[in-house]
Structures are given as C-alpha cells and as structure tokens.
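# Architecture and fold: a report
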Amino acid sequence: MAPRASSRLIDFHSHYYNAAWYPSSSPQGPANLLRAWPLLTNIQEQLADMDDAGIDAKVLTAPSSVLLAPGEPLPISLMQRINDHFAELANVYPECLLALATIDAFHGDIAAREVERAVQTLGIPGICVDCARGDRYLDAPEARPALEAAAALGVAVFVHPVSPVGLTERLARLGHTGILLARGTETAASVLALLRSGILDDLPNLRIVIPMIGAAALLFAGIANEDYPRDGWQGGPPGEARKRLYVDTMGYDPASIRFAVELLGVEHVLNGSDWPIMPIASRQRVEETLSAVGLTDDQQAAIMRDNVLRLLTPKA
C-alpha cells in the first residue's frame, strides 16, 4: 500500500486474529463475528480492502475475550504469541500497520511483565485490555499492575468491550444493537469503576481509550459529581477526571462525535470503526461524517490521523 498525498487516514479500532491462536476452526459468538471471521483472520485481504477504501493504516488489536470462554484467563504463552506476531507484522508493513499488545490485565504481575516486554522489547506502543473478566472490572487489585506498567511506560490503554453474561442474552432480542448496548454498558461500568477508584489521579500518565459504545461513562461521570466525594469516590471530581479519557468514532454518528468533541476536546477523539466486525469505514464515509459534525479541516485531520499518532507515541 502506497501512502496517499492527502491527509492519512488511520483506523484506531480494528482487529486481526491469526486462526492458529484459536483452538477450533471458528469461534463461538454472535452472527456478525462469525460472518467476519474469514476476513478477521486474513491480513492480506484486510490490506487489500483498506487500499480499496482509502484507509492508509490500521491499528492491530486482538481482544482476548474472542479467544476465550466467559471468565476464562488468557494463557501467558498465547498472550506472548499474539504480541510477537503483531510486532512482526508491524515491522513488515510499517506504513500501514500499527499494533496494540494484547494484555489480560487480570493476570496481576504477570500481565505487568508482558506489558513491559511488549513495549520495551517488541516496540509495541500501547496495549489493549478487556474491560472485565467475569464480575471483575479494571479497578480490581489484580488489574492494577498492568495499568501501572502502562502508565510508567507512557503508553495508551484501549479498554475493549466484552459481552457480559446475562445482560447480553437479555438484550439480544433487540438484535445486534442490543448486543452492542450490553457490551457498551459493561465498558462504561468498568471505566466508571476506574474513575471511582481515583487511579487517574494516582497515575497521571495513564491514558485510557474507550469505544463510542462505552461513552455512557462520560455522562455518568458528570452525574457522579453530585455524589462526590461521598459514595466511595476517590481522587478528584469524576466530571474532571473524565476529560482524561479518549474515545473513538465507532458508529460514525455525527451527533455522538460532536458530543465527545465538545466534552473532551477534539484532541481526545480518534477515528475507529471496529472493522472487520463492523462495516469498513471508508475515507469517503469518515470525511462525510466529520464534515457533518462541523469540524474544520485541521480538526478532521486530527481525528483521522494526528491524535492516533500522538497517542501511540509513548509519553515521558
């Protein structure tokens, strides 16, 4: 893929899995995941589709929940295989592939050591973690070492949705949107738990990214100001702490993106689609959406490219 003369377009929220990581020929999951599986596991087809859609680069992620039964931990050996492969792909295709290391944050000190290996040895500039493992959110004590390691190294943490048992089944009757609602709710709850714990005050270099479907965390952090500092909230006011968060454009709804820009600032919004599970976000679609938001050319370029590159530059 040759770089284009116009503003580069980078998809922060995208996925790739090597079929060898999965113990069976295809995963168990919702219909959209099963439909996407052949493309999810074929990096050459993904690169060709990106070229056709005018996408210059994508960030490789492989959230562990797709590889596991609900609540099951990710084996450290598999975590390492994924991250080794991502580093290799990013080295082979430096113009069009970046990566986030797959980390099971609930492995405690083992997870922290893999964060350090992925960043310092492999050169991967960020990590992707599941928002929950069973009934534990990212404020669980066993998740803190991985977050501390990421903050110490100055790399971003992408908090990826999972499908919560029970709620997902209840909302599935609403179709794919209902499943997204369940996953977004679990993400928002985990981020609220992080804000409530005061970890963003304890770790000033910690940078958290959430998908747009988890943006309810932004709303409820503001509502929580009425309870602060009561109700167990630690650290500073949650309405202020939320401004430290980043959010992607998943769904490409202009009103939602406008809300995020007004609340967080344009520098905290990233182009991200959840492709190939969700439809590919072509250059035309991204540009039309951001134009509908009412952004300047510079602001659009920030969301399309600059913010991702800045976020994936380790912060001293």
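Residues numbered from 1 in each chain as written. Predicted model: local features only at pLDDT ≥ 70, side-chain atom pairs only at ≥ 80, totals over all residues. Heavy atoms only, no water.

This paragraph deals with the pattern of salt bridges. The full count for this structure, using the stated rule, is 11 salt bridges. Among the ionic pairs, R133 bridges to D130, the shortest N-O distance being 3.3 Å. One exposure class covers both R133 and D130, and it is buried. A salt bridge links E240 to K243; the shortest N-O distance between them is 3.5 Å. (Salt bridge = Lys/Arg side-chain N within 4 Å of Asp/Glu carboxyl O. Buried < 20%, exposed > 50% of the residue type's maximum accessible area, 1.4 Å probe, protein only.)

Along the chain, W275 connects to P276 via a cis peptide bond; the corresponding omega equals 10 degrees. Of note in the backbone geometry, Y252 takes a positive phi value of approximately 50 degrees without being a glycine. In this fold, Y252 is placed in the loop between β10 (246–248) and α11 (254–264). Non-glycine residue D274 carries a positive phi angle of around 75 degrees. Relative to the elements of secondary structure, D274 occurs in the loop between β11 (269–270) and α12 (283–293). The exposure class of D274 is buried, given its relative accessible area of 7%. (Helix = DSSP H or I, 4+ residues; strand = E, 2+ residues; numbered from the N terminus.)

Our focus in this paragraph is the sheet that holds strand β2 (residues 57–60). Within the open sheet, the 3 strands sit side by side as β1-β2-β3. Their pairing is parallel. Of all strands in the sheet, those bounded by a partner on one side alone are β1 (10–11) and β3 (97–99). Against the sheet, helix α2 (residues 43–53) contacts β2 and β3, and its axis sits at roughly 145 degrees relative to β2. (Pairing = 2+ DSSP bridges. Contact = heavy atoms within 4.5 Å. Axes fitted to C-alpha atoms, helices over the stretch in contact; angles between N-to-C directions.)

Below, the discussion takes up the sheet that holds strand β5 (residues 126–130). Ordered in space as β4-β5-β8-β9-β10-β11, the 6 strands form an open sheet in which the pairing is parallel. Edge strands, defined here as strands with exactly one partner in the open sheet, are β4 (101–102) and β11. Both β5 and strand β8 (residues 156–160) contribute to a ladder of 5 bridges, which runs parallel. Its bridge partner being in β8, G126 is matched across the sheet by A156.

Scanning the entire structure with this criterion turns up 6 aromatic pairs. Here Y16 and W21 contribute two aromatic rings whose centre-to-centre distance is 6.2 Å and whose plane-to-plane angle is 70 degrees, an arrangement assigned as edge-to-face. Just as Y16 is buried, W21 falls in that class too. Each ring, one from Y16 and one from F86, has its centre 6.5 Å from the other, and the planes form 40 degrees; the classification is tilted. Of this pair, Y16 sits in the loop between β1 and α1 (31–40) while F86 sits in helix α3 (residues 76–92); the two residues are 70 residues apart in sequence, bridging distant segments of the chain. When sorted by exposure, Y16 lands in the same class as F86, which is buried. Each residue in the set Y16, Y17, W21, W37 and F86 is aromatic and connected to the rest through ring pairs, giving one cluster. (Phe/Tyr/Trp six-rings, centres within 6.5 Å; stacked < 30°, edge-to-face > 60°.)

Without other data, these values stay purely geometric and don't point to any function.
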